[in-house]
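Spelled out, the chains give:
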Amino acid sequence: MIKEYEYLHGVVFARLFSIYGCNVSIRAFKPDGYSSFVINDSAGLYIKYCGKRLTPWRFSFTKSHQSEVDELHHRF
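The text that follows walks through the structure, step by step, so that each part is easy to find. (Residues numbered from 1 in each chain as written. Predicted model: local features only at pLDDT ≥ 70, side-chain atom pairs only at ≥ 80, totals over all residues. Heavy atoms only, no water.)

## Topic: the pattern of salt bridges
Enumeration over the complete set of coordinates arrives at three salt bridges. A salt bridge links Asp41 to Arg27, with the shortest nitrogen-to-oxygen separation between them at 3.0 Å. With Asp41 in the loop between β2 (36-39) and β3 (43-46) and Arg27 in strand β1 (residues 26-28), this pair connects stretches of sequence that are 14 residues apart. With a relative accessible area of 53%, Asp41 lands in the exposed category. Arg75 is the partner of Glu71 in a salt bridge, and the nearest nitrogen-oxygen pair spans 4.0 Å. Here Glu71 pairs with Arg75, and both are found in helix α2 (residues 63-75), just four residues apart, close to one helical turn. By relative accessible area, Glu71 is classed as partly exposed at 31%. (Salt bridge = Lys/Arg side-chain N within 4 Å of Asp/Glu carboxyl O. Helix = DSSP H or I, 4+ residues; strand = E, 2+ residues; numbered from the N terminus. Buried < 20%, exposed > 50% of the residue type's maximum accessible area, 1.4 Å probe, protein only.)

## Considering the side chain of His9
Along the chain, His9 falls in helix α1 (residues 4-20). A polar contact of 3.4 Å, which involves the side chain of His9, links it to the backbone oxygen of Tyr34. Apart from the residues within four sequence positions on either side, His9 is in contact with Tyr34, Ser35, Phe37 and Ile47. (Polar contact = N/O pair within 3.5 Å; in protein donor to acceptor, adjacent residues only side chain to side chain. Contact = heavy atoms within 4.5 Å.)

Structural data, given as structure tokens:
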């Protein structure tokens, strides 16, 4: 079964491919994670989404989310 976040991540990846064509590589930043990615081995990407259709959209960043974003920032 495809999870909702997989559909939404697909939108982000489709946009990257539409901008960069075949010249983009995407890999998971951590083997057990599903929100952080490395683009072209040079940029970090953390995807966060809200399932709510209308504004205001609110996002929660747990300590582990913050640590992962911080690690992406320092490495890329």
